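Report on the structure
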Amino acid sequence: ALTEFNLPRLMAKPDQFFNEGYEFSIRNMVEHVIDTEGPIHEDILARRIARHHGFKKAGSRIRERVLGIASRPAEGPLSNRQVGFIGRKIQ
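**With respect to the packing of helix α1 (residues 23-37) against helix α2 (residues 42-52)**
The N-to-C vectors of α1 and α2 enclose an angle of 125°; their axes lie 10 Å apart at closest approach. On the basis of the axis angle, α1 is oblique to α2. As α1 packs across α2, the resulting crossing turns out to be right-handed. For the pair α1 and α2, contact is made by M29, V30, V33, I34 and E37 and by L45, R48, I49 and H52, respectively. Partitioning the contact of α1 with α2 into residue classes produces six nonpolar, one polar and two charged.

**Regarding the environment of Y22**
The residue Y22 is located in the segment before α1 in this model. Between the alpha carbons of Y22 and A12 there is a distance of 9.9 Å; along the sequence they are ten residues apart. Sequence-distant contacts of Y22, defined by excluding residues within four places in its chain, comprise M11, A12, K13, Q16, F17, M29, H53 and R65. In this structure the side chain of Y22 is engaged in a polar contact, spanning 2.9 Å, whose partner is the backbone nitrogen of K13.

Conventions used here
All residue numbers here refer to positions counted from 1 along the written sequence of the relevant chain. Predicted model: local features are reported for residues with pLDDT of at least 70 only, side-chain atom pairs are reported and counted for 80 or more only, and whole-chain, interface and lining totals are derived from all residues. Side-chain numbers come from the whole structure's heavy atoms, not from hydrogens or water. In this analysis, axes come from line fits to C-alpha atoms, helices being fitted only over the stretch in contact, and the angle between any two N-to-C directions falls in the range 0 to 180 degrees. In this description a helix means any DSSP run of H or I spanning at least four residues, a strand means any run of E spanning at least two, and both kinds are numbered starting from the N terminus. For classification, angles of less than 35 degrees are called roughly parallel, those exceeding 145 degrees roughly antiparallel, those between 65 and 115 degrees roughly perpendicular, and all remaining angles oblique. Handedness of a helix crossing follows the sense of rotation of the near helix relative to the far helix, less than a right angle counterclockwise being left-handed and clockwise being right-handed. Any two residues whose heavy atoms approach within 4.5 Å are treated as being in contact. Amino acids outside the nonpolar list (Ala, Val, Leu, Ile, Met, Phe, Trp, Tyr, Cys, Pro) and the charged list (Asp, Glu, Lys, Arg) are all regarded as polar, and Gly is one of them. What qualifies as a polar contact is a pair of N or O atoms within 3.5 Å, subject to a donor-acceptor requirement within protein and to the restriction that residues adjacent in sequence count only when both atoms come from side chains.

Honestly, it's all geometry; don't read function into it.
This is the structure in structure tokens:
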């Protein structure tokens, strides 16, 4: 199933995408995509987040931002990365 971003906490703010204070929002979106579609290839994850923000493509800066956030542990690690795929870490 493709991810739908229809929750208020998942509202995109493209003008804030690279702001440090927006990291928590991107993290929520990343978690939502992984919970819906995961494990998911990191390129597809970056594209989902980019398109949700209205960006035509996930260039290197967008990709680095999304994957950097996905690989940092918050409440629980997301980064179960194997050959370019990201999913919830099995505990």
